[in-house]
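# Examination of the molecular architecture
Each chain, written out:
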Amino acid sequence: MRPADLIMLLLIFAIMYFLLIRPQQKKLKEHAAMIEGLRRGDQIITQGGLVGKIVKVKEDGTNEVEVEIAKGVNVRVVKSTIATVMNKTEPAKT
């Protein structure tokens, strides 16, 4: 393998890292921060397309939230399937 071939291989790897791997890692960190910031009253959209309001955040290690999708209709949703938070609620003032 010639030195020029090695340089080209390293250059291709560097380009792939900055165009594909690094942005994906940044997106994962942002999603994890969004998941950690979920609280009661937030309006969310799941990856399956369900739109609802969080009525209960379970802290017992189940990694779930309870979401009201219609009046009186609550479903349990795994936190990692939440795609976006539409409306953030303000934290309670003490």
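Residues numbered from 1 in each chain as written. Predicted model: local features only at pLDDT ≥ 70, side-chain atom pairs only at ≥ 80, totals over all residues. Heavy atoms only, no water.

For the protein chain, an unreviewed UniProt entry supplies the name Sec translocon accessory complex subunit YajC and the organism Yoonia rosea. Reading the Subcellular location (unreviewed entry) entry of the UniProt record for the protein chain gives the comment "Cell membrane". Here is the UniProt Subunit (unreviewed entry) comment for the protein chain, exactly as written: "Part of the SecDF-YidC-YajC translocase complex. The SecDF-YidC-YajC translocase forms a supercomplex with SecYEG, called the holo-translocon (HTL)." (UniProt positions renumbered as here; feature names shortened; annotations may be inferred.)

### Quick notes on the packing of aromatic side chains
Counted under the stated rule, the structure contains one aromatic pair. Seen in terms of ring centroids, Tyr 17 and Phe 18 are 5.2 Å apart; in terms of plane orientation they differ by 80°. Their pairing is edge-to-face. (Phe/Tyr/Trp six-rings, centres within 6.5 Å; stacked < 30°, edge-to-face > 60°.)

### As for the environment of Ile 35
Mapping Ile 35 onto the fold places it in helix α1 (residues 3-36). In this structure, the C-alpha to C-alpha distance between Ile 35 and Ile 45, residues ten residues apart in sequence, is 12 Å. If we ignore the near neighbours within four places in the chain, the residues touching Ile 35 are Lys 79, Ser 80 and Ile 82. (Helix = DSSP H or I, 4+ residues; strand = E, 2+ residues; numbered from the N terminus. Contact = heavy atoms within 4.5 Å.)

### Some thoughts on the pattern of salt bridges
For the coordinates displayed, the defined rule picks out three salt bridges. Measuring nitrogen to oxygen at the nearest pair gives 3.9 Å for the salt bridge that ties Lys 58 to Glu 64. For Lys 58, a relative accessible area of 18% corresponds to the buried category. It is possible to trace a salt-bridge network through shared partners that takes in Lys 58, Glu 64 and Arg 76. (Salt bridge = Lys/Arg side-chain N within 4 Å of Asp/Glu carboxyl O. Buried < 20%, exposed > 50% of the residue type's maximum accessible area, 1.4 Å probe, protein only.)

### Remarks on the nonpolar core
Of all hydrophobic cores here, the largest spans nine residues; its members are Ile 35, Leu 38, Ile 44, Ile 54, Val 57, Val 65, Val 67, Val 77 and Ile 82. Put simply, the parts of the chain that give this core at least two residues each are β2 (51-57) and β3 (64-70). Each residue touching Val 65, except ones within four places of it in the same chain, is listed here: Leu 38, Ile 54, Lys 56, Val 57, Val 75, Arg 76, Val 77, Lys 79 and Ile 82. (Core = buried A, V, L, I, M, F, W, Y, C linked by side-chain atoms within 4.5 Å.)

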